[in-house]
Every structure is written in C-alpha cells, then in structure tokens.
Amino acid sequence: MRILILFASLLAIVPNSVLASVLAIDYGADYIKASLMKPGVPFDVLLNKDSKRKIQSSVAFKRGDRLFGQDAAYLATRFPSDTFSHLKYLTAAPIDSDPVKYFTKISAVDVKPSSRSTTNVTRSDGTEWSSEELVAMQLAYIKHLGELVAGEKVRDVIITVPAYYTQFERDAVADAVEISGLRLLALINDGTAIAVNYAMSRTFAKPEIHVIYDVGASGIRATVAEFSTTTDAKTGATGNQITTLGYGYDRTVGGIEIDRRLREILADAFTAKHKGKDIRKDKRGMAKLWKEAQRVKMILSANNEAMSQVESLAWDLDFKSKIKRSTLEAACADLEPKFTQPLYDALASAGLELSNITTVILAGGASRTPMIQNAVKQAVPADQISFNVNADEAAVLGAALHGASISRQFKTKNIKITDILVHDVQASYFAALSTPNSRPRSISTTLFPAGSKVGTKKTMTFKRKDDFIINFDYKKEPVPGFPTRMLEVEIAGVADALTNLTDSGAIDPVIKATVTLSESGFISVSNAFAYGEIKDDSFTGKLKGLFGGSSSNEESDSTEDIPPRNTVSASASATSSSSRRRREKKKVTGPVEIPLTVTPQFTTIPPMSVEQKKAARDRLRAVDAEENAKSRREEARNTFESYLYRLRDLISDEDKDKPFKKCSQASEREAIEKLLEESFEWLNDRGDLAETSQLLNKRIALETLEKPIIHRYQEIEAFPQALNNSQMWNWHTRMFLTDARQNITEEAKLDLPSKWTKEELDGLEKSLREHEAWLSEWVEKQKSVKSNEDPVIETREMKARAKVLEQHLQRLYNRKVPKSVKKKVVVEEKKNESKVEQEGEKEEPLQYDGEEQVPLGKGEARPHDEL
C-alpha cells in the first residue's frame, strides 16, 4: 500500500497535460485483469461495470447483441455455439495443432482452418471470426472501461504473455492490439511482470534469487529471477535490477485441465444414473456441467466434499451428486509430477539448485488449488514457499509499472529488467556455390540459443556475390503441431553493391546482416549492407597498414555478437561514369557500407497483412456502429414508451387539484388524449420495426402539445420568487439613493469630492421609477390571468429587467473613493527678489464607467464609505 501511495505522489509532480494514459492488460485463458496508469487516478486494477476486479475472457453473441465478461459466460449454457471463451488456445494455432485439439475438448464452438493456416471459429449462423478479431473485441472492451475511468481516450497498452510464446503467437497478439485501436508499447513475460510487482516496494541489501511459480489457467510457468539494488554512480539514485536466469514451463497443465477432469467426473455420474443418455453429445448440457465444475472446484478447495446440483441439465432431467476431493485428486494423480517439473526445469536452465533460492513465490489463480500446493510443499521446504504477492493481480500491476516506465511520460521507481529467450533460434542459408555444377549445401547456426538476452543484436557476415535468403527456425518444435520455420529474409541488391565496392578499390567485400531480438521477443533483420575496406595507397596509408591496418581475408561466413561500427555510407545503385571520375579526383578510403534491400517473407504462419488488419478493423467498427445504432433505437423506444404511460396517467387522473389538470384546458387534454391513443396503437403495431428518428418524432409531437401546459405550471411556480427578486432590488436601489444623496450634501459642505454626481443619481432614480411602474402594471394584469391560460408576463422578462437595475446600482455602489488633491507651494528665488508663488496641482479627471469624477483628497475622510 505504501508503494502505491508513493507512486501516485510521483505522478502528481508532472502536469496532467503532459501525460497520457497507459493501459496494462493481463490476458488469461480464463480471466482478464487490467490496470490504468494516469495522473489523478489511483494505481489499481480496473473494475468492470459490475465492480468486479477480474473479467472473464469471454465474448458472446445473442440475437445481434454482443456481450463480454460475466454476461457472456452466462450465455454459454443457452448459446454454447455463440459463446467464445479460452481463445488463448487458438492464438496463431494451426488447425491440427495440440492446442486446437485441446480447445475442441473444452468448448462447443466449431473451428475451421483460415487462409493464414491458423484457426477460425464459426457462429451458429455461419459467420466466421478469427481469434485475433475476437481477442481485439475484448481488448476494445477493456479500452472502453479504461476510457470511462480516465475521462479521455486511451491508446498505449502493454500486455503480458507467457515467456514460452512463439513469434507466431506474439505476432497474433500484436495484430489483435492494432485491430482494437490500441498501440502496443511492449509485450512483457508474465513471470517478469510478477517480479516487477514484487520489487516495487522492496530494496535488496544483497542480491536475492527467487522463483516466480505461476500456475495459470492454461499452463504452469516457473521463472528464476535475481533481484538486486544498485546505485547510479553519476546521480546517486538507487534502483532495482531484475535479471531472469532461467525458465521452465508446461503448456498442458493448469486450472482449466483440472476443470475439464472434474467435468468428466460429473458427466460420468450423470451417465451412470441415466443409462442410455450420453450427456457428452449435448452441447448445452456440457456447458452447464462446465459451469458447475468450476463452482464445485472452488468449494473443494476449502472442503473435503461438495454437492453438485444442476436443474434440467438435459432432456428435462435434473442432476445431483456428491463429489469428494479425494475423487478429484485421484483423477488428477498423473498430473502431480507435472505440477513441479517446471520448477526443476527452471533451476536447471539457470544452472542452480534449490539451495541457491531464497523463496519460491506462488502466483496465479490456480496456485490456490490444494493438490498443487501439496505438490509444491513436497518439492520445496515450507520456509522457502512465499505467498507475498497478489496471486491474481501481481502480473497486471507489475506490467502497468513497467509500461509507465518505458512510456517516458511518468516518473516511476527505477526498476530495470533483463529478460531471456526461451526457445533456441537458428539461422540457415545455402552456402555460395564454388562451381556452377556444385551441389547446394545448407549451413545452420544457432543464432540465439535459449537463455539469450532480449534486446540484443547480432551481425551475420557472408561471402556472397548474388542475392540470397536467410531462414530463421526454431531448433525444436516449440508446440506440437506448430511449424519450426518462423521467417525467411531475402537480401537483394548484392551484385550491384559489390561491383560498386570493387570499383572503389575495396578488397574482399562481404555482406553483413544485423539480426535483432527485441525486448518483446520478436526476431527480425533490421538491416543488411555490403561492407568493404578501401586501402590508402599513400605513404601515410602504407605506414598505417604496416603498423596496424589490415584487411579482412575471411573466406567463410561468420556471426558477430557486436554490431558493426558506423562507417561512411555509399549509394547502393550502380556507379555512373561521372561519379567514378569524381571519386578518382577525391578517393574515399577506409570502411564503406552500402545498404541492401531486406524483404521478410512468412511462409508458414504469417502475421496479418495491412489489408487484412484494415478489413478486420472495419468489420469491428461496423459491428460497433450497428450496436450503437441499436442501443440508441432501444433507448428511444423505451423512453417513448415510458413517456406515453406517464402522459396517460396525467390524463386519466381525475384529481382536479393536480397541476396538470389545473394548468390545462379541456380542448388541450382532448387533443393530447387523441394523439396518445394513436401513439399507443402505432407503438404496439410497428414499434419493434420503427427507426430511431420515427420514435423521436412521435415523442416530439406529443411534447409539443404538452409543452404549453408545462410552461404555465413552471411560470406559476417561478412567479413568486421572480417578483420577490424584483421588489428586493427596488428596495435596495431606493435605500442607496437616500444614503447617496445625503452623502453628496455632507461632502459638499466639507468641500470634499464625491463618488457620484447628482446627474448619476438622477439617472438611477429614473431607472428605478420605470422599473417600479412596469412591474406594478404587469403584475396587476397577471392577477387576472387564470392558471390554465398563458401568462401575460414571463418570469424570464422579470429577471432580465431586475438584472438591468441591479447592474446599474452595482456600478455606482462599487465605485472607489476618489483621491483628494493637495496644494503644493513653490518658492523661487531670483537674484535678490524672493517671490512666493502658490499654485495648485493640475487635476486629472478619473474615469469611472465612462463618466468623469473629481478625485477626493488622499487620506481625508468621508462621512459614509459604504451603505
């Protein structure tokens, strides 16, 4: 709590106009958690419309309506084919991959292959949606919740992903973010985000190594992280450093797998009681059992047994059965070794043992499951198990803090992170042919082995004469059913560039390509160029070559960890004869780089193209526009219907003392009643098909008839106050005139300047008399007007005339006291004569509201300073 207060105070230092909002999203297979970073907004988790701190990862369609979160999850029991949950399994997944096969076991949704070799889902009406589009809908919903809290548009977002995510899955998440209208700041591994949350409120006297053991819905992740506190030598500021040392995971074990096995227990119990009824063939029945399995699992986490009961589960049959915790644990007995294996894998990846670890920090909603906690307790000593982070919210809060720090718009606690790559990535290419008849030979090299630091670059050097392609692959299949080839990059323009370098005098030019592993885990070729060194044949150049200068004589391809230095760049185009002549006059020496064309190609699972993302965004906008139009129409219909019932109650009320009856005439009520009946008949016949404009026009027609009646009643209510206000300013003005005239008389006797002139007071008195006369005349006329007749004097006009008198009075009343003029004596001596001349200082007229007044003497008192 202290760190949250401190963080909020740091944000308050920077002006709000300079800052923008940053949204953090922890997208899970079961639940979504989000947090908003904005000055003036508490640093906490976003709440949904039901004030829940986590939102179910579900989107559903119901007769043209689209629902999210808990509302969508509830529809699964009625519309199982139109409710989409656990979409995380479908992220960039091929149709024949293990994640998709598992998804079909837990969901009633139909799946189809897409044109991009991924998986689409199909609604009951045949409409197809990609997983990116459905995830984008959920992200847009979170964006809307954030904008309601921020009170402004939210654009930047940081999202947590499992560290084991492949480049295909990371590309899919980035595409979904772009479709939703957000801008991706970064992807952060969920274990690293939890580590940031752990370090937010702590300092470390000496380095500590902890294991973040995250048990989520779709998998178990173990992250070995080292925490230390460092001090900047220049500024003296302290900050925390988080370094990931190792990682272990299992994508097949999590909370959802336990739910699935518990549902199987319930399905077997139903089938045993009702022979010949296979509940597994009923989509609605299985959806109900899934919901019941989640409820029973929560009860069994705290109790040894629970009663499961579902009314009308299927075929009008009720289901009731007692489930014991031991039964569930027996069904999950084969999972027990898998619960702790990621922990051992992470330690092995870091080259550490359990004795080197300070604590194992449990996180993730499924970490509360007793069988998982028991498995961890058997593997880890009790004093090394820690529960000091919020299991559900630690990841999203850590991601929010990291997102604020990289946005460079917030002043946050200095926490630096160093993350690693989980999978081995290798680069392969065909060696240059020594002869035209040579057989192509493929060369592979592990470019980024598992454990490589993200945010690094490597330079590959090639001896090439023509264009070529570099292939980037995972060394092993990252997920069963996923391809290993992630990217192919074509390097073009080689021949022209080498000719250019050779003509310039370069010896043994080579091709260099810079491969980047970004902070978010994306691999790309950032640039490629032809590189060569041009010797200096002068005497000085030969001396440099003799004592240290050398040219590259590499004959084989190589990889460098350090990117090449910046050197003089030359044009990649073919050199013309005129440019050669100029170069002969002034020859370039030293290293020269000529940029080459880099073209990435995706041959397995490509990310969405610009056109595909634009089409998806337009499709979502069309859905949003349709929903908004429908919402406005429904609001107009409901408002119109409630207005009709209210108006009917006013017409049918027989109490003559009610304002509506007192202020309306019989003819007016008859006209309203006739139109009211027509409106009811029209609403019943055509209300469901009516457009928003038709509903509004029907209501305006009735309001036009009712408006004069409402106006009369409002005028009757407002008249006493308006009359009192007018009479009050008449009285104030009369009192002011009496005192002001007395002041003028007394100041004249004392030879003092006055604040006002007689003409000004006469003008005010004239305005007062005109206002009193007008008020008296029209008030008398109003007395003879009946309550169901239009008033002859409007309270609006009464207030306006009283305001004119008030302003006239205030202008004189607030005038400052003029300064008095002192007489000045000037003594002149000329030769032997002395002459005393007394002259008065020139008086400058002071302007008060456009009129000239004579100032009073400074320091002299007036008889009256104010009323």
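Every residue gets a number counted from 1 within its own chain, in the order that chain's sequence is written. With the structure being a predicted model, the display of local features is reserved for residues of pLDDT at least 70 and the display and counting of side-chain atom pairs for 80 or more, all residues being used for whole-chain, interface and lining totals. As a rule here, side-chain values come from all non-hydrogen atoms in the structure, and water together with hydrogens is ignored.

Per an unreviewed UniProt entry, the recorded name for the protein is Hsp70 protein-domain-containing protein, and the organism is Ephemerocybe angulata.

If you tally the helices and strands in the protein, you get 21 helices and 34 strands. In the protein, buried positions account for 47% of the 867 residues. Each accessible area value is a Shrake-Rupley result obtained with a 1.4 Å probe; residue values ignore everything except the protein chains displayed when judging cover. Entry remark: accessible area of the protein is about 45,000 Å², with carbon and sulfur atoms responsible for 50%. A run of DSSP states H or I qualifies as a helix once it reaches four residues; a run of E qualifies as a strand once it reaches two. Both are numbered from the N-terminal end. Each residue is assigned to one of three classes by its accessible area relative to the maximum for its type, calculated with a 1.4 Å probe on protein chains only: buried under 20%, partly exposed between the two thresholds, exposed over 50%.

Right, let's get into the side chain of Asp171. Relative to the assigned elements, Asp171 resides in helix α5 (residues 167–179). When neighbours within four sequence positions are excluded, Asp171 is seen to be in contact with Phe522 and Pro607. Any two residues having at least one pair of non-hydrogen atoms within 4.5 Å are treated as being in contact.

Right, let's talk about the nonpolar core for a bit. Counting 96 residues, the largest nonpolar core has Ile25, Leu134, Ile142, Ile470, Phe472, Ile491 and Ile511 as the members making the most contacts within it. If you tally residues by element for this core, the top one is helix α4 (residues 131–150), at 9 residues. For Ile142, the residues in contact, after removing those within four places along its chain, are Leu23, Ile25, Ile32, Ala34, Leu46 and Ile55. With 46 residues, the next largest nonpolar core counts Ile279, Val310, Ala346 and Ile357 among its residues. Grouping buried Ala, Val, Leu, Ile, Met, Phe, Trp, Tyr and Cys residues that are joined through side-chain atoms within 4.5 Å yields what is termed a nonpolar core.

Time to look at a negative patch on the surface. Negative charge collects at one region of the surface, where Glu670, Glu673, Glu677, Glu678, Glu681 and Asp685 lie side by side. Along the chain, the position of Glu670 falls in helix α18 (residues 666–686). Like-charged residues are merged into a patch within 9 Å and nonpolar side chains (Val, Leu, Ile, Met, Phe, Trp, Tyr) within 5 Å, provided each residue has over 30% relative accessible area and no salt bridge. For this document, the term salt bridge refers to a Lys or Arg side-chain nitrogen within 4 Å of an Asp or Glu carboxyl oxygen. Under the counting rule used here, the positive set is Lys and Arg, the negative set is Asp and Glu, and His together with the chain ends is not counted. The atom standing in for a charge is NZ when the residue is Lys, CZ when it is Arg, CG when it is Asp and CD when it is Glu.

Below, the discussion takes up the sheet that holds strand β6 (residues 83–85). The pairing criterion for strands is at least two bridges between them, as found by DSSP. Strand order in the open sheet made by the 3 strands is β5-β4-β6, with antiparallel pairing throughout. If you trace the sheet from one side to the other, it starts and ends with β5 (65–68) and β6, each paired once. Each adjacent strand pair in this sheet contributes to an overall mean axis angle of 15 degrees, direction not counted. Judged from the 4 bridges that link them, strand β4 (residues 58–62) and β5 form a sheet pairing that is antiparallel. Across the sheet, Phe61 pairs through a bridge with Arg66, a residue of β5. Lines fitted to C-alpha atoms define the axes, with helix axes restricted to the stretch in contact, and inter-axis angles between N-to-C directions lie between 0 and 180 degrees.

As a further point, take the pairing of strand β23 (residues 468–474). In terms of burial, β23 is a largely internal element, 6 of the 7 residues being buried. Two elements, strand β20 (residues 425–430) and β23, share 4 bridges in a ladder whose sense is antiparallel. Residue Ala427 lies in a different strand from β23, and its bridge partner there is Phe472. Across 6 bridges, the pairing between β23 and strand β24 (residues 485–492) is antiparallel. When the bridges of β24 are listed, Ile469 appears paired with Glu490.

Attention shifts here to the environment of Ala34. Tracing the sequence through the fold places Ala34 in strand β2 (residues 31–37). Note: C-alpha distance between Ala34 and Val45 (11 residues apart in sequence) is 5.7 Å. What Ala34 contacts, discounting residues up to four positions off in sequence, is Ala24, Ile25, Asp44, Val45, Leu46, Ile142 and Val396.

This next bit is on helix α6 (residues 190–199). Owing to its 3.6 residues per turn, the α-helix aligns residues three or four sequence positions apart on the same side. Buried residues dominate α6, accounting for 10 of its 10 residues. Buried within α6 we find Asp190, Gly191, Thr192, Ala193, Ile194, Ala195, Val196, Asn197, Tyr198 and Ala199.

Two faces belong to every sheet, and in a regular strand the side chains alternate between them. When strand β15 (residues 305–314) meets strand β16 (residues 317–324), the two strands line up antiparallel, connected through 7 bridges. Within β16, the position partnered with Val310 by the bridge is Phe319. Following β15, the chain reverses through 2 residues before pairing antiparallel with β16; Trp315 in that reversal takes a positive phi of roughly 50 degrees.

With their axes 9 Å apart at the nearest point, helix α16 (residues 610–652) and helix α19 (residues 692–749) run at an angle of 25 degrees to one another. The angle between α16 and α19 falls in the class roughly parallel. Note on packing geometry: the crossing formed by α16 with α19 is left-handed. Taking contact as the criterion, the partners of Ala629, Arg632, Arg633, Ala636, Arg637, Thr639, Phe640, Tyr643, Leu644, Arg646, Leu647 and Leu650 in α16 are, on α19, Thr692, Leu695, Leu696, Lys698, Arg699, Leu702, Glu703 and Glu706. In this count, Pro and Cys sit with the nonpolar residues alongside Ala, Val, Leu, Ile, Met, Phe, Trp and Tyr, while Asp, Glu, Lys and Arg are called charged and the others, Gly among them, polar. The class makeup of the residues in the contact of α16 with α19 is 10 nonpolar, 2 polar and 8 charged. Small angles under 35 degrees read as roughly parallel and large ones over 145 as roughly antiparallel, with 65 to 115 read as roughly perpendicular and the rest as oblique. Here is the rule for handedness: rotate from the far helix to the near one, and if that takes an anticlockwise turn smaller than a right angle the crossing is left-handed, while a clockwise turn gives right-handed.

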